[in-house]
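Coordinates in review
Next come the chains, spelled out residue by residue.
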Amino acid sequence: MLSAHIIRNLRNASKLASVAGPNADRIVNVKWSDGKTGEFPLIWLRDTSPDPATYTISPAMTARNLTMLEFDVEQKAKKLWIDGDGDFLKIEWESGVLSTFPSEWLQIRNPSDQEARKRRRKVYLFPEETWGKEEIEKKLKRFSHEEFMKNDRVVHDFLEAVCIDGIAVLKGAPKGVRGAVEAIGDRIGMIKRTHFGIVFEVSTKADASNMAYASNGGLPFHTDFPSLSHPPQLQMLHMLQSAEEGGNSLFVDGFHVAEQLRSENPEVFRILTTHSMEYIEEGYDIHEINGKEFRFDYDMCARHKVIRLNDEGKVNKIQFGNAMRSWFYDCEPSQVQNVYRAMKTFTDHCYQSRNVLKFRLEDGDTVLWANQRLLHTRDGFKNAPGKSRTLTGCYFDWDIVKSRVRHLRDKLELEQNQPSA
Ligand SMILES: C[N+](C)(C)CCCC(=O)O
Ligand SMILES: O=C(O)CCC(=O)C(=O)O
Ligand SMILES: [Fe+2]
């Protein structure tokens, strides 16, 4: 839906002045009274026409009725004209369908307006702003857990911060009370289940299924589940019982580190973006499902680059975990030494103090972060007598988190809201 805010702004903006075409390329040229122009492909106007023959729009669904099998992509317009004192472009099609395009509808979608295209790209809530220690210490966003639970605007602002900075914190849930992760999960929408269950618990356990459960030692910087081809995109941890000493949380922006390597150490960057690494995770985890103990045996194996680039050469995924890294390198033996040198340099950069965000989760605090962007760890800790450091946690995927942000922008009529169909 279009926010009232955007409609109000555009209503005040301008009226349609003229329409011409379509020309030989089947482009319709529109002019507004303020001198702005728009080039609209004729077939696109037919396809996106906001009328009930073209679209089904109900509270439960927005969907196109037309099928590509039957759609005539060469169809013509019988008549095009400006109506309603410049408020509408109308098109009567050969098929008899009548399309009515409000002026603001066309302005928002104007395919020849670079500003409109730029605004639309923000709907993906991407790209993010990367950081080093100094930047993130200034801008790390913290919200009240209590406010998050009752105020939709706080849910929006918290999740938006996670989209941009890759991390944000909720402070001050009731101390030592289980259920915070589930409650936050419900507010976000849907937790992503893994082979560690829906919600997992981090504490020192016998027969540990993971290094985080094995001891009170520190861990190396890692992303969770390099052993999966599709690791969860976000991770959340909630502090139930903090350590007496240590057990701090550490984060580093892997996208930022990758860009540092690209400029400061291009050979390492080249290796990490071209050599795929294998990871294995073999074992079992016992977790609860509906109050019953459940044992899940697994034998995970996946292979990917430490730094993955998209088609434009931009860094868009980081996966690395030393504990699950396998023995298999799938390259000439003579290249292996350099792969190790590259991993070592990457790790050294992760630990450089200019890059590291370090803070302590107090009892009742929660942190949510981008698991395919940030690497995380904890330092070693000492428990108070009889009080074992315990966190609960879960995972999410971006689609659910971003869907929630968009939904709230619509519901709360925030100015960042974007039109749907
Ligand atoms: C936190 N935990 C134990 C549920 C999963 C960790 C996955 C990993 O170590 O890569
Ligand atoms: O113990 C911690 O603070 C974090 C452990 C960890 O790496 C994880 O839960 O994924
Ligand atoms: Fe982890």
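Note that the structure is predicted; figures quoted are calculated from it, not measured.

Before going further, it helps to examine the overall build of the protein chain. Secondary structure assignment for the protein chain yields 13 helices and 23 strands. The dimensions of the protein chain, computed from C-alpha atoms along their principal axes, are 80 × 55 × 40 Å. Across the protein chain, every contact between residues at least 6 apart in sequence was considered, and the portion connecting residues at least 24 apart equals 73%. Of the accessible surface of the protein chain, which amounts to about 21,300 Å², a share of 51% is contributed by carbon and sulfur atoms. Across the protein chain, the mean location of the 58 positive side-chain charges is 2 Å away from that of the 60 negative side-chain charges.

So, on to the site of ligand 2. Near ligand 2 the following residues occur: Val202, Ala212, Leu219, His222, Asp224, Gln235, Leu237, His376, Arg378, Arg389 and Leu391. His222 is positioned such that a nitrogen or oxygen atom in its side chain is 3.1 Å from an oxygen atom of ligand 2. Contact between ligand 2 and Asp224: an oxygen atom at 3.0 Å from a side-chain N or O atom of the residue. Burial of ligand 2 by the protein amounts to 95% of the accessible area it has alone, namely 290 Å². Looking at the shell around ligand 2, its residues break down into five nonpolar, three polar and three charged.

Glancing now at the side chain of Lys90. Looking at the element boundaries, Lys90 is found in strand β7 (residues 88–93). For Lys90, a relative accessible area of 18% translates into the label buried. Here the side chain of Lys90 touches Asp83 through a polar contact of 3.1 Å, side chain to side chain. Once residues lying within four places of it in the same chain are set aside, the contact partners of Lys90 are Lys79, Leu80, Trp81, Asp83, Ser99 and Thr100.

Take the pattern of salt bridges next. Proximity of charged atoms lets side chains of opposite charge pair with each other. Applying the stated criterion to the full structure yields 27 salt bridges. Of the charged contacts in the structure, one is a salt bridge between Lys192 and Asp397, with a shortest N-O distance of 3.4 Å. Here the residue Lys192 occupies a position in the loop between α8 (180–188) and β11 (200–202), and Asp397 occupies one in the loop between β23 (390–396) and α13 (398–411), the gap between them amounting to 205 residues. Assessed through its relative accessible area of 27%, Lys192 is described here as partly exposed. Overlapping salt bridges bring together Glu129, Lys139 and Asp165 as one network.

Once that is clear, we can look at the coordination of the iron ion (ligand 3). Taken together, His222 (NE2), Asp224 (OD) and His376 (NE2) make up the protein donors of the iron ion (ligand 3), found 2.1 to 2.2 Å from the metal. Between the donor residues of the iron ion (ligand 3), the gaps in sequence give the motif H-x1-D-x151-H. Of the two residues, Asp224 sits in the loop between α9 (211–214) and β12 (234–241) while His376 sits in strand β21 (residues 374–378), which places them 152 residues apart along the sequence. Just as Asp224 is buried, His376 falls in that class too.

As annotated by UniProt and renumbered to match this structure, "domain: TauD/TfdA-like" (unreviewed entry) occupies residues 142–395. Taken as a whole, residues 142–395 contains 28% helix and 32% strand, while its terminal C-alpha atoms sit 19 Å from one another.

If a strand is regular, its side chains alternate between the two faces of the sheet. Strand direction decides the pairing type here: strand β6 (residues 77–83) and β7, joined by six bridges, are antiparallel. Paired with Ala77 across the two strands is Trp93, which belongs to β7. Taking the residues that link successive antiparallel strands as the turn, the β6-β7 hairpin has four residues, and the phi of Gly84 there is positive, at about 60 degrees. With five bridges connecting them, β7 and strand β8 (residues 98–102) associate as antiparallel partners.

Next up on the list: the pairing of strand β18 (residues 315–318). Judged from the three bridges that link them, strand β17 (residues 307–309) and β18 form a sheet pairing that is antiparallel. Looking across to β18, one finds that Arg308 is bridged to Lys317. Joining the antiparallel neighbours β17 and β18 is a turn of five residues, in which Gly313 adopts a positive phi near 85 degrees.

Pairing is antiparallel in the open sheet, where three strands are placed in the order β1-β2-β3. The two strands at the open ends of the sheet, each matched to only one other strand, are β1 (16–20) and β3 (37–41). For this sheet, the mean inter-axis angle between neighbouring strands, taken without regard to orientation, is 20 degrees.

Turning next to the site of ligand 1. Close to ligand 1 lie Phe196, Phe200, Asn210, Tyr213, Asp224, Phe225, Pro226, Met324 and Tyr395, which account for all nearby residues. Note that an oxygen atom of ligand 1 is positioned 2.9 Å from one of the side-chain N or O atoms of Asn210. Within the backbone of Phe225, a nitrogen or oxygen atom sits 2.7 Å from an oxygen atom of ligand 1. In terms of residue class, the shell around ligand 1 is made up of seven nonpolar, one polar and one charged.

Reading guide: rules and limits
- Per-chain numbering applies: the sequence of each chain, read as written, is numbered from 1 onward.
- Each chain gets a letter, beginning with A, and each ligand a number, beginning with 1, in the order they are written.
- pLDDT decides what is reported in this predicted model: residues at 70 or higher carry local features, side-chain atom pairs at 80 or more are listed and counted, and totals for whole chains, interfaces and linings draw on all residues regardless.
- Values shown for side chains rest on all heavy atoms present in the structure; no hydrogens or waters enter the calculation.
- Only DSSP runs of H or I with at least four residues qualify as helices, and only runs of E with at least two residues qualify as strands; both kinds are numbered from the N terminus onward.
- Here, two residues are considered to be in contact whenever any of their heavy atoms come within 4.5 Å of each other.
- Residue burial considers only the protein chains on display, and all accessible areas are found by Shrake-Rupley using a 1.4 Å probe.
- Under this rule, positive means Lys or Arg and negative means Asp or Glu; His and the chain ends count for nothing.
- All charge positions are set by atom: Lys at NZ, Arg at CZ, Asp at CG, Glu at CD.
- Working definition: residue near molecule or strand if any one of its non-hydrogen atoms lies within 4 Å of it.
- N or O atoms within 3.5 Å of each other form a polar contact, as long as, within protein, one can give a hydrogen and the other can take it, and as long as residues adjacent in sequence are counted only when both atoms are side-chain atoms.
- Think of it as three bins: nonpolar holds Ala, Val, Leu, Ile, Met, Phe, Trp, Tyr, Cys and Pro, charged holds Asp, Glu, Lys and Arg, and polar takes everything else, Gly as well.
- Each residue gets one of three labels from its accessible area relative to the maximum for its type: buried under 20%, exposed over 50%, partly exposed in between, using a 1.4 Å probe on protein chains only.
- One side-chain nitrogen of Lys or Arg within 4 Å of one carboxyl oxygen of Asp or Glu is enough to make a salt bridge.
- Distances decide who is a donor: an N, O or S atom must be within 2.8 Å of the metal, or within 3.2 Å for Na, K and Ca. Water is not included, so sites may look incomplete.
- UniProt positions are given in the numbering used here, feature names are shortened, and annotations may be inferred rather than shown by experiment.
- In this description, strands pair whenever DSSP reports at least two bridges between them.
- For helices, the axis comes from a line fit to the C-alpha atoms of the stretch in contact; other axes are also lines fit to C-alpha atoms, and the angle between any two N-to-C directions lies between 0 and 180 degrees.

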